[in-house]
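Structural features, examined
One letter stands for each residue in the lines below.
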Amino acid sequence: MKKVLIALCALSIVACKEEAKDYVTFSGTITDKNSDSVVLRTQTYSKTIKVNQDGTFSDTLKVTTGIYNFYDGGESSNVYLQNGYDLHMTLDTKMFDETISYTGTGDKTNNYLAKKALLEETLFPPSLFDFEEVDFKKNISEINTKQIAFLEENKDIDAAFYATEKEEVNGFEKKMLGYFTESKDRAKARAAQFASYIGQPSASFDNYENVKGGTTSLADLKGNYVYIDIWATWCGPCLAELPALKIAEKKYEDKKVAFVSISVDEGRGYKDRSFEASKEGWKKMIAEKEMGGIQLFSDKNWKSDFIAAYKVNSIPRFILIDPNGVVVDADAPRPSSPKFDRLFTSLSL
């Protein structure tokens with residue numbers, strides 16, 4: 001009997017060894033998939049996984065433990081992987097971030113990551129670094145308190161990952177204060193870079209397609225202050241400004257201010273999109289998000305003379321022109337910034 005027990009124990013040990021996986025099984029079901037494949041990527045790793053017609057996918061991967069960027073077309077999220085996981089993802093692209101959910105081995109850590117992404121969308125004001133220092137410190141202290149509480153609600157995630165997250169939230173305020181100082185230095189440099197535009201006649205844009213029909217030129221808006229938003233549908237920070245922009249449009253609707261949005265959709269954010277597809281995506285987003293103001297699209301896009309004249313190489317970018325076509329600010333405050341209302345007040349608007 002003793003020999004039998006020993007033999008059974010030995011078999012049990014072998015079985016355990018056989019069950020230990022040195023790879024990840026990663027699968028999922030996507031409703032209304034954006035692409036025929038999904039991609040997992042880091043700076044040193046990239047894996048493309050085929051998505052079937054029914055939106056399902058599955059693959060086995062050997063990975064280095066850590067966070068990977070998950071892409072379905074132009075949408076993305078973070079996923080935490082380590083060998084041994086058997087992880088299944090579900091999502092609906094109509095509400096991409098809001099519907100991501102995981103089951104299987106590794107689900108708690110990844111559901112935490114998905115919920116954390118949604119939380120962070122509500123935590124950070126779009127123009128936090130434009131605040132005065134005292135208000136900035138107050139905001140980041142409140143944000144940090146919420147981060148700590150959220151992490152403590154999810155202590156059952158992977159232990160090593162929890163330790164990393166704990167270290168991050170503990171150093172959050174110090175790190176953010178360092179970024180604040182850097183942002184102020186960059187703001188001074190940008191102000192100096194665009195100072196020469198102030199008081200000069202603005203470059204013009206001519207016959208840009210108007211989403212409401214026909215075309216619009218800068219000359220058509222003479223007699224109004226013209227606040228220009230250069231944006232694209234794929235630009236997250238651009239979309240973050242939409243709520244504040246709508247508020248500004250409502251606040252100044254009885255004033256001589258034209259709010260103009262110029263799309264530079266083609267070519268960068270969606271490399272697989274044709275020109276016409278980019279234009280259709282622009283029209284669709286304007287309708288879906290009920291965007292107001294004057295919505296324009298240039299056939300020349302990033303190569304237009306107007307974009308080149310203002311040296312636009314990142315977005316969103318805002319420009320303010322006076323009723324006579326003279327530049328007030330070639331790098332104007334974002335509508336979410338506390339500097340925005342101060343600027344408009346200084347113009348008696």
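No experiment lies behind these values; they were computed from the predicted model shown.

**Description of the overall build of the protein chain**
Along the protein chain, the regular secondary structure elements total 11 helices and 15 strands. For the protein chain, whose C-alpha radius of gyration is 25 Å, the value lies well above the compact-globule estimate of 20 Å for 349 residues. The C-alpha extent of the protein chain, read off along each of the three principal axes, is 100 × 50 × 30 Å. For the protein chain, the residues scored as buried account for 40% of the 349 residues in total. When contacts within the protein chain are restricted to residue pairs at least 6 apart in sequence, those whose partners lie at least 24 apart make up 63%. When the accessible surface of the protein chain is summed, it comes to about 19100 Å², and 51% of that surface belongs to carbon and sulfur atoms. Of the charged side chains in the protein chain, 45 are positive and 52 negative; the average position of the first set lies 3 Å away from that of the second.

**Quick notes on the pattern of salt bridges**
With the rule as written, the count across this model stands at 23 salt bridges. Note that Lys116 is salt-bridged to Glu165, the shortest N-O span being 2.9 Å. With Lys116 in helix α3 (residues 107-123) and Glu165 in helix α5 (residues 159-170), this pair connects stretches of sequence that are 49 residues apart. The exposure classification of Lys116 matches that of Glu165, with both residues buried. Across the pair Glu288 and Lys284 runs a salt bridge whose closest N-O atoms are separated by 4.0 Å. Here the residue Glu288 and the residue Lys284 both occupy positions in helix α9 (residues 275-288), the gap between them amounting to 4 residues, near one helical turn. Judged by relative accessible area, which is 56%, Glu288 ranks as exposed. Here the residues in one salt-bridge network are Glu209, Lys279, Glu280 and Lys283, joined through shared partners.

**As for the packing of α3 against helix α4 (residues 133-152)**
Contact geometry of α3 with α4 gives a least axis separation of 11 Å together with a crossing angle of 160°. Our classification of the angle between α3 and α4 gives roughly antiparallel. Considering how the two elements wind past one another, α3 and α4 form a crossing that is right-handed. Packed against α3, whose contacting residues are Tyr112, Lys115, Lys116, Leu119 and Leu123, the element α4 presents Ile143, Lys146, Gln147, Phe150 and Leu151 at the interface. Counted by class, the contact of α3 with α4 contains 6 nonpolar, 1 polar and 3 charged residues.

**Observations concerning the side chain of Asn301**
Mapped onto the secondary structure, Asn301 falls in the loop between β13 (294-297) and α10 (305-309). Residues contacting Asn301, with those up to four places away along its chain left out, are Ser263, Val264, Asp265, Glu266 and Ile307.

**A look at the environment of Asn110**
On the secondary structure map, Asn110 appears in helix α3. Sequence separation between Asn110 and Asp59 is 51 residues; the distance between their C-alpha atoms is 18 Å. Ignoring sequence-local partners within four residues, the contact set of Asn110 consists of Val79, Tyr80, Tyr85, Leu87 and Tyr102.

**So, α5**
Helix length check: α5 (12 residues) gives 16 Å between terminal C-alpha atoms against 16 Å at 1.5 Å per residue, within 8%. Taken together, the buried positions of α5 are Phe161, Tyr162, Glu165 and Val169. The buried residues of α5 occupy an angular sector of 100° when projected down its axis, which confines them to one face. Turned more than 90 degrees away from the buried face of α5, the exposed residues are Ala159, Ala160, Glu167 and Asn170. The elements touched by buried residues of α5 are β5 (66-72), β6 (75-81), α3, α4 and α6 (172-194). Sitting at the amino-terminal end of α5 is Asp158, which places a side-chain oxygen 3.2 Å from the backbone nitrogen of Ala160.

**Structural notes on the sheet that holds strand β11 (residues 225-231)**
Reading across the sheet, the 7 strands line up as β10-β9-β13-β12-β11-β14-β15 and stay open at both edges, with mixed pairing between neighbours. Edge strands, defined here as strands with exactly one partner in the open sheet, are β10 (215-216) and β15 (327-329). In this structure, strand β9 (residues 208-210) lies alongside β13, joined through 2 bridges in antiparallel fashion. Within β13, the residue paired with Asn210 across the bridge is Leu296. Helix α11 (residues 338-346) contacts β11, β12 (257-263), β14 (317-321) and β15 of the sheet and is inclined by roughly 135° relative to β12.

**Things to note about the confidence of the model for the protein chain**
Per-chain confidence: the protein chain averages 91 in pLDDT, with 92% of residues scoring 70 or above. Predicted confidence for residues 2-18 stays below pLDDT 50, and this span has 0 contacts to residues more than four positions away or in other chains.

**Describing the sheet that holds strand β3 (residues 46-50)**
If you trace the 4 strands from one edge of the open sheet to the other, you get β3-β2-β5-β6, paired in antiparallel fashion. At either end of the open sheet lies a strand with only one pairing partner, and these are β3 and β6. For this sheet the average axis-to-axis angle between neighbouring strands, irrespective of direction, equals 25°. Pairing analysis gives 5 bridges linking strand β2 (residues 37-41) to β3, with the strands arranged antiparallel. Bridged to Arg41 within β3 is Ser46. On top of the sheet, α3 reaches β5 and β6; it is set at about 145° to β6, its chief contact.

Parameters at a glance
Just so you know, the residues in each chain are numbered from 1, in the order the chain's sequence is written. Confidence filtering applies because this is a predicted model: local features only for residues at pLDDT of at least 70, side-chain atom pairs given and counted only at 80 or more, and all residues used for totals across whole chains, interfaces and linings. The side-chain figures draw on all heavy atoms in the structure; neither hydrogens nor water molecules are used. Each helix corresponds to a stretch of at least 4 residues labelled H or I by DSSP, and each strand to a stretch of at least 2 residues labelled E; elements are numbered beginning at the N terminus. As defined in this context, the radius of gyration uses C-alpha atoms, and a globule is described by 2.2 Å times the residue total to the power 0.38. Remark: exposure states derive from per-residue accessible area (1.4 Å probe, protein chains only) relative to the maximum for the residue type, with buried under 20%, exposed over 50%, and partly exposed in between. Residues are treated as being in contact if the distance between any of their heavy atoms lies within 4.5 Å. Working definition of accessibility: Shrake-Rupley area with a 1.4 Å probe, residue cover restricted to the visible protein chains. For this count, His and the chain ends are skipped, Lys and Arg are scored as positive, and Asp and Glu as negative. Every charge is mapped onto a representative atom, which is NZ of Lys, CZ of Arg, CG of Asp or CD of Glu. Salt bridges are identified by distance alone: a Lys or Arg side-chain nitrogen within 4 Å of an Asp or Glu carboxyl oxygen. Geometry is summarised by axes, namely lines fitted to C-alpha atoms with helices restricted to the contacting stretch, and by angles between N-to-C directions that run from 0 to 180 degrees. Throughout, the term roughly parallel applies to angles under 35 degrees, roughly antiparallel to angles over 145, roughly perpendicular to angles from 65 to 115, and oblique to all others. Left-handed describes a crossing whose near helix is turned anticlockwise from the far helix by less than a right angle; the clockwise case is right-handed. Gly counts as polar in this scheme, as do all residues outside two lists: the nonpolar Ala, Val, Leu, Ile, Met, Phe, Trp, Tyr, Cys and Pro, and the charged Asp, Glu, Lys and Arg. Take the number of residues in a helix, subtract one, and multiply by 1.5 Å to get its expected span. As used here, the arc is the angular range of directions from the helix axis to the C-beta atoms. Contacts described as polar in this section are N or O atom pairs within 3.5 Å, which, within protein, must combine one atom able to donate a hydrogen with one able to accept it, while residues neighboring in sequence count only if both atoms come from side chains. In this description, strands pair whenever DSSP reports at least two bridges between them. The pLDDT value expresses, per residue, how confident the predictor is, ranging between 0 and 100.

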